[in-house]
Amino acid sequence: MEVSPECVQRGGGPVLVRRRSPAPLGLREMLKARLWWRCACSPQRAWTLVQDLLPATRWLCRYHPREALAGDVMSGLVIGIILVPQAIAYSLLAGLQPIYSLYTSFFANLIYFLMGTSHHVSVGIFSLLCLMVGQVVDRELLLAGFGPAPDSVGPGDNGSRVNASAAAGGPGPQDCGQDCYAIRVTTALTLVAGIYQVLMGILRLGFVSTYLSQPLLDGFAMGASVTILTSQLRHLLGVQIPRHQGPGMVVSTWLSLLRSAGQANLCDVVTSATCLAVLLASKELSDRCRHRLKVPLPTELLVIVAATLVSHFGQLHERFGSSVAGDIPTGFVAPRVPDPELMWHVVLDAVPLALVGSAFSISLAEMFARSHGYSVRANQELLAVGCCNVLPAFFHCYVTSAALSKSLVKTATGCRTQLSSVVSAAVVLLVLLALAPLFRDLQRCVLACIIVVSLRGALRKVRDVPRLWRLSPADALVWVATAATCALVSVEVGLLAGILLSLLSLAGRTQRPRAALLAQIGDSGFYEDAAEFEGLVPEPGVQIFRFAGPLYYANKDFFLRSLYSLTGLDAGHAATRKKERGLEARASEGDPVEGVDLGPVTSTAALVTTAASFHAVVIDCAPMLFLDAAGVATLQDLRRDYGALGITLLLACCSPLVRDTLRRGGFLGEDQGDAADEGQLFHSVHGAVQGARARRRALAATDSAL
């Protein structure tokens, strides 16, 4: 290893020896090396690629049935039992038949079992995504000449509506009914969203989801939950009102509900009140006794079974006009390629779906990985969730993502691996093949109750706002603004507003970071904020300035204003006035002034009395994460102005990135061992202060000699 001039011993103190970094490859060589590495093929590399793409092939070889099988089977059974009522209920949000929700749950569990890197996440239908899918479906149905998604999803009921629409000569497709067209729109939307997620995974854009902060996601969940709750009130009351679209959907729905409150179905109201009471009581009991219960109570399934029996034998649909689920077919429908024309219609609608699904899936996977001591790969999670949308789109499924509530249940019931997803898929398959028709007489208000109760967790997050405000007002503002925009305008606009506010908040924090003057802590070599702590000792003649943020084009003016305000000297104006006075003096003496350069002053000139009470400024660069070209130019101008006033500018605690930027920007010399650089950069604030003292003594000694 070569020794740079920085290793020269000075005063017997510790020294640093800079390593000589190898010469960087050129762009052509780097691309050639990466292409060769990517394209190199061997049996071992092919098998590694398969294992990376299908992580199940790696962990299944190390699976220990005695340790993990019982927990996986138990959690898979519980999740499967929970999935069935949720799948049927969430079909209300998406405006589709319940059979398609069951298809989605089945395929998503199998695909994520093969491709997912999280051991505990449950991937399937998610209420927020179902709401967004339902809004797109309603809009496309209206554009095609159909009415909004019908209240009854039975095939027979839909047939009459479709025939009426076709007979009326509407612009909808003549070879496809309303339910058929709705699932075509849904599969096109799902395929496009899945393609986005797969492309993000291939391009290694997993980091993008980290820009959707937790306050943003919580606020989005809160606002969307209010929208979901509002959309289900008509089913709870049994009133017939249109499904409103566009901005202000929540307000329009509430106004319609108030106008139609007198037409509420008494049977649905009583059933809703009873089911809500039972479900909420059981949830509270489960929360309080969760440490004693080895398996969560399957309350949703019990309520659905009981309500179906009461509705069937009490003939609630025929006697009281209560809306029911209708016929649910069994088996699988033949696969179909999504309509390319519809894909172009929904190409923009799929963007928020892909972002929300990716963000929730990656954040949940990382959360469970941290709590259980393993790691996940964000890009592989994007591929897994994307394939959970791309492949099932050909089998009449819709958008899926990870869901927190089911993932928590999965963990609480002893899940060890994704083998539990296979068990859950088997339970859903049993319902698909044999049990689905049994839910024909299930009241829709019961399904709405299940949806409303599932929103408890998201709605309770409003209690976190005061704590979030005390912690970070900017994050609290993002939370409130996102939730309010989602509820009052639309979920898509709310998501966009949340992203913009988060980015503005991030930019604002770097644009106006905290600035302070430092003073010494007693006789130690440490320095802290003199405005925050008492009893600190200021260094005579030296101003120590800390700027707690990067220095770039957006905050360079704030940097200078803060420095000038705290030190009490506007170096730019003072240097300009001094230069003007020097030019006037030369002109009065008859000396030419053309091209005069009053650059760095001599040792004698440095002792000339200035308006400042200090002779050196030390900038603590430890919090300075990076510099850009504007930041380097700012430091260069600052050094020139201070030099004209006889003040020395020193930098302390610069990171390697900041030093390299200063060198490339011309603030430092090209040679890393330049002696001039050694006098400007110091590894500690205390070292810079000592350097300023030594320089002052040297200048005083030189002046005495002169």
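On a predicted model such as this, the values are computed, not experimentally measured, just so you know.

J.: Would you mind showing me how to read the overall build of the chain here?
T.: A tally of helices and strands in the chain yields 30 helices and eight strands. The buried share of the chain, taken over its 706 residues, is 49%. For the chain, contacts bridging at least 24 residues in sequence account for 80% of all contacts bridging at least 6. Accessible area for the chain stands at about 34,300 Å²; split by element, carbon and sulfur atoms hold 63% of it.

J.: Can you help me understand the sheet that holds strand β7 (residues 648-652) in this one?
T.: Sheet strands pair via backbone hydrogen bonds, and the direction of the pair is either parallel or antiparallel. Taken in spatial order, the six strands of this open sheet run β4-β3-β5-β6-β7-β8, and their pairing is mixed. A strand with exactly one partner marks an edge of an open sheet, and here the two such strands are β4 (527-529) and β8 (681-682). Here helix α24 (residues 556-567) sits on the sheet in contact with β3 (515-520), β5 (542-547) and β6 (616-620), set at roughly 145° to β5. Helix α27 (residues 629-644) contacts β6 and β7 of the sheet and is inclined by roughly 140° relative to β7.

J.: Honestly, the UniProt feature "transmembrane region" (unreviewed entry) in the chain in this entry has me stumped. Any pointers?
T.: If you check UniProt for "transmembrane region" (unreviewed entry), the listed places come out as residues 68-90, 110-133, 188-212, 342-362, 382-405, 417-435 and 479-504 in our numbering. Across residues 68-90, helical content stands at 100% and strand content at 0%; the span's end C-alpha atoms are separated by 31 Å. Note that residues 188-212 is 60% helix and 0% strand, and that its end C-alpha atoms are spaced 25 Å apart.

J.: Just to check I follow, could you spell out the state of the cysteines for this structure?
T.: Under the defined criterion, the tally for this structure stands at zero disulfides. Take C388: it sits in no disulfide, and the sulfur closest to it among the cysteines is that of C387, at 7.4 Å. Given the relative accessible area of 1%, C388 is considered buried.

J.: Quick question: what am I supposed to make of the pairing of β7 here?
T.: Two faces, one strand: in a regular strand the side chains alternate between the faces of the sheet. The buried fraction of β7 is high, at five of five residues. Residues T648, L650 and A652 of β7 are buried on one face, and the alternating residues L649 and L651, pointing to the opposite face, are buried as well. As paired strands, β6 and β7 are joined by five bridges and run parallel to one another. Across the sheet, residue A616 finds its bridge partner in β7, namely T648. Read from β6 through α27 to β7, the crossover connection turns out right-handed. As paired strands, β7 and β8 are joined by two bridges and run parallel to one another.

J.: So what exactly am I meant to see when it comes to the packing of helix α8 (residues 178-202) against helix α15 (residues 350-372) here?
T.: Packed helices, taken two at a time, are described by their axes: the angle between them and the distance between them. Viewed as axis vectors pointing N to C, α8 and α15 meet at an angle of 55°, and their least axial separation amounts to 8 Å. On the basis of their axis angle, the class for α8 and α15 is oblique. In this structure, α8 crosses over α15, and the sense of that crossing is right-handed. Counting all contacts with α8, which are made through L189, V192, A193, Y196 and Q197, the residues of α15 involved are A350, V351, L353, A354, G357 and S358. Of the residues in the contact of α8 with α15, the class split is eight nonpolar, three polar and no charged.

J.: Is there a simple way to explain the pairing of β5 in this structure?
T.: In terms of burial, β5 is largely enclosed, as five of its six residues are buried. Bridge count between β3 and β5: four bridges; the pairing is antiparallel. When the sheet's bridge partners are listed, A516 is paired in β5 with R546. Bridge count for β5 against β6 is five bridges, and the pairing is parallel. Across the sheet, the residue bridging to F545 is I619, located in β6.

J.: Whenever I open this one, the nonpolar core confuses me. Can you help?
T.: A general trend in soluble globular proteins is that nonpolar side chains are found buried together. If you look at the biggest cluster of nonpolar residues, it comprises 117 residues, and the most contacted ones within it are V121, L128, Y181, F220, L353 and V446. Leave out the neighbours within four places in its chain, and V446 touches T271, C275, V303, I304 and A307. Judged by nonpolar contacts, the second largest core, of 33 residues, contains F547, M624, Y642 and L681.

J.: Looking at this structure, I do not really get unusual backbone geometry. What am I missing?
T.: Excluding glycine, most residues fall at negative phi; most peptide bonds, likewise, are trans. Non-glycine residue Q315 carries a positive phi angle of around 50°. Inspection of the secondary structure puts Q315 in the loop between α12 (299-314) and α13 (316-320). You will see that C653, though not glycine, has its phi angle at about 60°, which is positive. Position of C653 among the secondary structure elements: in the loop between β7 and α28 (656-664).

J.: Explanation requested: the pattern of salt bridges in the structure shown.
T.: Oppositely charged side chains can form a pair if their charged atoms are brought close together. Counted according to the given criterion, the structure contains 16 salt bridges. Its salt-bridge partner being D475, residue R509 comes within 3.1 Å of it at the nearest N-O pair. Here R509, found in helix α23 (residues 491-511), pairs with D475, found in helix α22 (residues 473-488); they are 34 residues apart in sequence, far enough to count as distant. Its relative accessible area of 21% is what places D475 among the partly exposed residues.

J.: Would you mind showing me how to read α12 here?
T.: The terminal C-alpha atoms of α12, which comprises 16 residues, lie 22 Å apart, in line with the 22 Å expected from a rise of 1.5 Å per residue. Of the residues making up α12, those classed as buried are T299, E300, V303, I304, A307, T308, S311 and G314. Down the axis of α12, the sector holding all buried residues measures 160°, keeping them to one side. Seen from the buried face of α12, the exposed residues on the opposite side, beyond 90 degrees, are L302 and F313. Buried residues in α12 make contact with α4 (65-94), α11 (266-288), α13 and α19 (444-454). Just beyond α12, the residue with positive phi is Q315, at close to 50°.

Calculation rules
Residues numbered from 1 in each chain as written. Predicted model: local features only at pLDDT ≥ 70, side-chain atom pairs only at ≥ 80, totals over all residues. Heavy atoms only, no water. Helix = DSSP H or I, 4+ residues; strand = E, 2+ residues; numbered from the N terminus. Buried < 20%, exposed > 50% of the residue type's maximum accessible area, 1.4 Å probe, protein only. Contact = heavy atoms within 4.5 Å. Areas by Shrake-Rupley, 256 points an atom, 1.4 Å probe, with all protein chains shown as cover. Pairing = 2+ DSSP bridges. Axes fitted to C-alpha atoms, helices over the stretch in contact; angles between N-to-C directions. UniProt positions renumbered as here; feature names shortened; annotations may be inferred. Disulfide = S-S within 2.5 Å. Right-handed = clockwise from strand over helix to strand, strands pointing away. Parallel < 35°, antiparallel > 145°, perpendicular 65-115°, else oblique. Left-handed = near helix turned anticlockwise from the far one by under 90°. Nonpolar A, V, L, I, M, F, W, Y, C, P; charged D, E, K, R; others polar. Core = buried A, V, L, I, M, F, W, Y, C linked by side-chain atoms within 4.5 Å. Salt bridge = Lys/Arg side-chain N within 4 Å of Asp/Glu carboxyl O. Expected span 1.5 Å × (residues − 1). Arc of directions from axis to C-beta.

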